[in-house]
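In case you want the letters, here they are:
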Amino acid sequence: MESDGYLPLFETRIAKGRVLYRLFMISVFVGICLIWIYRVNHIPRKGEDGRRGWIGLLGAEFWFGLYWVLTQAHRWNQVYRCTFKDRLSQRHEKELPNVDIFVCTADPVIEPPVMVINTVLSVMAYDYPPEKLSVYLSDDGGSDLTFYALLEASHFAKHWLPYCKKFKVEPRSPAEYFNSSDDPLDPNQSKELVFIKKLYDEMENRIENAAKLARIPEELRSKHTGFSQWDSYSSQRDHDTILQILIDGRGPNAKDKDGFVLPTLVYLAREKRPQHHHNFKAGAMNALIRVSSEISNGPIILNVDCDMYSNNSHSVQDALCFFMDEEKGHEIAFVQFPQSFKNVTRNEIYDASMRVIREVEFHGLDGCGGPLYIGTGCFHRRDTLCGRKFSKENKTDWSSLNDIRRKDSVHELEKKLKGLASSTYDKNTQWGKEMGLQYGCPVEDVITGLSIQCRGWKSVYFNPSRNAFLGIAATTLSDALVQHKRWSEGDLQILFSRYSPAWYAHGKISLALQMGYCAYCLWAPNCLATLYYTVIPSLYLLKGISLFPQISSPWFIPFAYVISAKNICALAEFLWCEGTILGWWNNQRMWLYKRTSSYLFAFMDTILKLLGFAESRFVISTKTADQDVSQRYEKEIMEFGTSTPMFTILSTLAMINLVCFAGVLKEALMSKGIIRVYETMSLQFVLCGILVLINFPLYQALFLRKDKGKLPSSLAAKSIVLALLACISFTLLY
């Protein structure tokens, strides 16, 4: 309670142990500086063995040290948020704002319609006044199958929403609820559960049968006039705007089976033309912002990906505790919830949950002025998305924002608003620049959030004990690497954009937040130092040239301290985030794989784009997997299966380290040089050995496995040849 008796709607708690961590951070930085001093003062003279390798390691270690300093912005001032929904209800029950919810999908094959409608139904069933909820599905695939699934969901909602309200079920995605719930003790609920489950199964079967046919049967098409809009449909990338208000929340027929109001439900497939760039998800979101402003105009907008179903029916109230707080709510532009996944295995073979980012780093960014906008699970003020600048004098009267009067009929409104989603509407306007989501970047969400913060607004990270949203994580190594390539490529493009955190944001956001953004923007360039450190010390080890201090030298101490301190701290952090030791080890493997493949290709593509030789592309992550792939994923067996350029690089690097390690070990054992290796090249030997251990699943996929998830024999042969050529060439040249 404040001194004047005011009770805030949310509380901010500062993380414990900050002083101890800061002292630890300073000690590590001192160790890093000592390593730099050692490298500079002990550079081999011209003509001496290892001079070029030594200078390269100096550059790599200088980069690693500076990058580590940037990452400390994520940990310097961590805060945790707590909301008071009871106070919100007591003070603002009658003036709760309208909320517009945007669900985005783009491909009915990669993102199955049944999954999409489960997300839609989960957000329609929020424990929030239904007359104040409007749900919009943006279908960038322009699929009549997705429209049909949504039409089916609009009928099922008349039974599902009353069931959720009556029995207060969680989660409110039907598929997830039926899969996770036990038989209820209440006989009345048991009876209704059987009925509602039967309705859902019938709906699911109809949708899946239509998907197998790859078309909507004529008897179904004839039952709804909305299908007529596909009569002139040309292709996924060439069609008119398709807008259908399936449930008009203000209409007399928008009632569930118990007679209560249903939320508004709208389908939108914006116009697509081959000659006009459609700006991917940012273009879809901006079309939704414009169309929704004329239908419901909710002052609060929630956007979720089609695979991120609501797992907590009170998330809207949690977000409103921040926006509607009388003292600090006027500063907050968006409330970001963590991106969590339902299918993450115990030991997270692909580090899919990004556990440390979710549980540590974003809390640190929150203490510096606010987290990034990550594209899903985020509540926005509509006016900030539309370009409004922050002003201390502007306070929001939430009750006045709910007044929207429409005179047009649903049919007239649909016809009238199609132009707002045309393929040329954005041309010569501020949309994609000063208004809406930013265009021209693969991570339009991050750059949009940064631009909002540069206009003076703050953001909030809220990580409740019960996950607000749950999605589907990548189940193959290829999908995980491609996803990280897109993220790292987009983040690097932000660094060179007009909203670069390095220069444009200077003075507009805090220095710590600048550093936090830059740490993510520099993911891709990490590939250069990591590649060097992965290959060169091993090759010099094979030739018997030491690049590190001897174990008896005092200079060995800072190397040993920094390496051990950073890894022990990282392990402790991971375990504190409820991870496992094996999960941390998998995290280290993915750290290596991402930096030597995803980040490398992201770096190269960004450079080519800056030089005008390439264009940005948006890759949709696969949301489904074959049964045998799923089984291997559940058993935590790494999935390869194909030969890609990324896998070629990973395999070659793994073979280089294996050849070097085996060669040194053989020579040491045959010539009894174990003591010499231990005394003069212990760090190099340990580094090479750890790289071999990390790559063990890759060696299995190359030589031992027989299942379909293994790597092709041709790739094994290619990687061996390339590794041997690299080792022989290095030995001859140096």
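Cut-offs used in this document
Residues numbered from 1 in each chain as written. Predicted model: local features only at pLDDT ≥ 70, side-chain atom pairs only at ≥ 80, totals over all residues. Heavy atoms only, no water. UniProt positions renumbered as here; feature names shortened; annotations may be inferred. Buried < 20%, exposed > 50% of the residue type's maximum accessible area, 1.4 Å probe, protein only. Helix = DSSP H or I, 4+ residues; strand = E, 2+ residues; numbered from the N terminus. 1 Å grid on protein atoms, 1.4 Å probe; cavity = no way out; pocket = protein on both sides within 12 Å on 5 of 7 lines; lining within 4 Å. Points joined across faces, edges and corners; volume = space filled by probe spheres on them. Nonpolar A, V, L, I, M, F, W, Y, C, P; charged D, E, K, R; others polar. Phe/Tyr/Trp six-rings, centres within 6.5 Å; stacked < 30°, edge-to-face > 60°. Lys NZ or Arg CZ within 6 Å of the ring centre and 35° of its normal.

The chain has the name Cellulose synthase-like protein E1 in an unreviewed UniProt entry, where Quercus rubra is given as its organism. Reading the Function (unreviewed entry) entry of the UniProt record for the chain gives the comment "Thought to be a Golgi-localized beta-glycan synthase that polymerize the backbones of noncellulosic polysaccharides (hemicelluloses) of plant cell wall." Its UniProt record gives the chain a comment under Subcellular location (unreviewed entry), which states: "Golgi apparatus membrane".

Enquirer: How would you explain helix 14 (residues 444-454) if you had to name every residue and give the values?
Expert: Among the 11 residues of helix 14, 11 are classified as buried, and the element is accordingly described as predominantly covered. Taken together, the buried positions of helix 14 are occupied by Glu444, Asp445, Val446, Ile447, Thr448, Gly449, Leu450, Ser451, Ile452, Gln453 and Cys454. Within two residues after helix 14, Gly456 carries a phi angle of roughly 105°, on the positive side.

Enquirer: Give a detailed account of empty space enclosed by the protein, specifying residues and quantitative values.
Expert: With the rule as written, the count across this model stands at two cavities of 30 Å³ or more. In this structure, the largest cavity encloses a volume near 40 Å³. Around the largest cavity, the lining residues are Thr534, Leu592, Tyr593, Thr596, Leu650, Leu653, Ala654, Asn657 and Asn695. Mapped by element, the contributors of at least two residues to the lining of the largest cavity are helix 19 (581-610) and helix 21 (645-670). Here the lining of the largest cavity is composed, by residue class, of five nonpolar, four polar and no charged.

Enquirer: Break down the packing of aromatic side chains for me, citing the residues and quoting the values.
Expert: Within this structure, the stated rule accounts for 42 aromatic pairs. Between Tyr540 and Phe730, the aromatic rings sit 4.9 Å apart at their centres with planes inclined by 80°, giving edge-to-face as the arrangement. Note that Tyr540 is positioned in helix 17 (residues 526-543) and Phe730 in helix 25 (residues 713-733), a separation of 190 residues in sequence. By relative accessible area, which is 3% here, Tyr540 ends up buried. Looking at Phe730, the relative accessible area reads 7%, which means it is buried. Here a set of aromatic residues connected by ring pairs shows up, and it is made of Tyr38, Trp54, Phe64, Tyr533, Phe548, Trp555 and Phe559. The cationic tip of Arg22 hangs over the ring face of Trp76; the distance from NZ or CZ to the ring centre is 4.2 Å.

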